[in-house]
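Overview (structure and organization)
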Amino acid sequence: MENNITKDSQSKNKLVLFYEKNKIILFSFVFLVIIIVASLIIFDKYKKNENKIISEKYIQAGLLIAAKEDDKAYKIYREIIEDKNKFYSILSLNTVLEKNLEPNKEIILSYLKILEKMSISKDQKDILILKKSLYFMEQSNKVEGEKLLKSLINSNSTLKSIAEEILNR
């Protein structure tokens, strides 16, 4: 019994000694963890706020399209694309293409390149490739469009059947 008490007091002494020797390191570590957690929370709130602002811009541009103010809507869609938002940038490009808001092929291709460079899922990249191939085919560049469709087929994309169907037309 006395042996257990001495072992407990020895282990307490070891802990106290360890604490005394490493007090600055322990406080620094705790402080660092608190800063990292706070930074992550602040960054998450910033991203959510940024996403909310971009979603409001997207809705505003849609309202401008409905009001036949295509130039103003296009400026907003262009801003969204250049912001490189994973969700709204792709939707904005789709609307720009669908409503033919930008007649310049080079600008459209630059938008496609911006979106292709983003870190998005494989499915989203495949959709962009499909969109790009359809755009090429619509702009009388069937050879380039067919190359892109064949690359989708060869990569066993989830859009393989759609690409095959488009090629067989």
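Everything numeric here is computed off the predicted structure, so don't read it as measured data.

Here is what the cut-offs are and how they apply
Think of each chain on its own: its residues are numbered from 1, step by step along the sequence as written. The predicted origin of the model limits local features to residues at a pLDDT of at least 70 and limits the giving and counting of side-chain atom pairs to 80 or more, whereas totals for whole chains, interfaces and linings rest on all residues. Excluding hydrogens and water, the side-chain figures rest on all heavy atoms present in the structure. Each reported salt bridge corresponds to a side-chain nitrogen of Lys or Arg within 4 Å of a carboxyl oxygen of Asp or Glu. By definition, any uninterrupted DSSP run of H or I lasting at least four residues is a helix, any uninterrupted run of E lasting at least two residues is a strand, and each is numbered from the N terminus. To sort residues, take the accessible area from a 1.4 Å probe on protein chains only and compare it with the maximum for the residue type: under 20% means buried, over 50% means exposed, and anything in between is partly exposed. Fitted lines through C-alpha atoms serve as axes, helices being fitted only where they are in contact, and the angles separating the N-to-C directions of these axes extend from 0 to 180 degrees. Put simply, angles under 35 degrees are roughly parallel, angles over 145 are roughly antiparallel, angles from 65 to 115 are roughly perpendicular, and the rest are oblique. The crossing is said to be left-handed when, going from far helix to near helix, the turn is anticlockwise and less than a right angle, and right-handed when the turn is clockwise. For this analysis, residues touch if any pair of their heavy atoms sits within 4.5 Å. Here a Phe, Tyr or Trp ring, Trp counted by its six-membered ring, pairs with any other such ring whose centre lies within 6.5 Å, and the pair is stacked when the planes are under 30 degrees apart, edge-to-face when over 60, and tilted otherwise. The criterion is simple. A nonpolar core is a set of buried Ala, Val, Leu, Ile, Met, Phe, Trp, Tyr and Cys residues joined through side-chain atoms within 4.5 Å.

1. Quick word on the pattern of salt bridges
- Overall, the coordinates contain 8 salt bridges when judged by the stated rule.
- Residues Glu50 and Lys47 are paired through a salt bridge, measuring 3.8 Å at the closest nitrogen-oxygen approach. With a gap of 3 residues between them, Glu50 and Lys47 both fall in helix 2 (residues 23-66), about one helical turn apart.
- Looking at Glu50, the relative accessible area reads 27%, which means it is partly exposed.
- A residue is classified by how much of its surface remains accessible, and Lys47, at 39% relative accessible area, is partly exposed.
- Through salt bridges with shared partners, a single ionic network connects Lys57, Glu79 and Asp83.

2. Quick notes on the packing of helix 2 against helix 3 (residues 70-83)
- Their axes nearest at 8 Å, the elements helix 2 and helix 3 cross at an angle of 155 degrees. The pairing of helix 2 with helix 3 is recorded here as roughly antiparallel in orientation. Remark: the crossing between helix 2 and helix 3 carries left-handed chirality. The residues of helix 3 that touch helix 2, namely those facing Ile54, Lys57, Tyr58, Gln60, Ala61, Gly62, Leu64 and Ile65, are Asp70, Lys72, Ala73, Ile76, Tyr77, Glu79, Ile80 and Asp83.

3. Focus on the packing of aromatic side chains
- For the coordinates displayed, the defined rule picks out 3 aromatic pairs.
- With 5.5 Å between their ring centres and 45 degrees between their planes, Tyr58 and Tyr88 make a pair best called tilted. In this pair, Tyr58 is assigned in helix 2 and Tyr88 in helix 4 (residues 88-98), connecting sequence segments 30 residues apart. Tyr88 matches Tyr58 in its accessibility class, with the two residues each being buried.
- Note on Phe87 and Tyr88: the rings are 4.9 Å apart at their centroids and 90 degrees apart in plane angle, and the pair reads as edge-to-face.
- Phe87 sits in the partly exposed class, given a relative accessible area of 48%.
- The rings of Tyr58, Tyr77, Phe87 and Tyr88 are connected pair by pair, giving a single aromatic cluster.

4. Describing the nonpolar core
- Within the largest apolar cluster, 28 residues are counted, with the highest numbers of intra-cluster contacts made by Tyr77, Leu93, Val96, Ile108 and Leu115.
- Going through the elements one at a time, helix 2, helix 3, helix 4, helix 5 (105-117) and helix 6 (122-138) are the ones with two or more residues in this core.
- The element contributing the most residues to this core is helix 3, with 6 residues.
- In contact with Leu115, other than residues within four places in its own chain, are Ile81, Ser89, Ile90, Leu93, Ile120 and Leu128.
- Ranked by size, the runner-up nonpolar core spans 8 residues in total, among them Leu149, Ile153, Ala163 and Ile166.

5. A short note on helix 4
- Burial runs high along helix 4: 9 of the 11 residues are buried.
- Looking only at helix 4, the buried set comprises Tyr88, Ser89, Ile90, Ser92, Leu93, Asn94, Thr95, Val96 and Leu97.
- Against the buried residues of helix 4 lie helix 2, helix 3, helix 5 and helix 6.
- Residue Asn100 follows helix 4 closely and has a positive phi angle near 50 degrees.

6. Brief notes about the side chain of Ser89
- Along the chain, the position of Ser89 falls in helix 4.
- Judged by relative accessible area, Ser89 falls into the buried class, the value being 0%.
- Look past the residues within four positions of Ser89 in its chain and what remains in contact with it is Ile80, Ile81, Lys84 and Leu115.

That is the geometry; function is a separate question.
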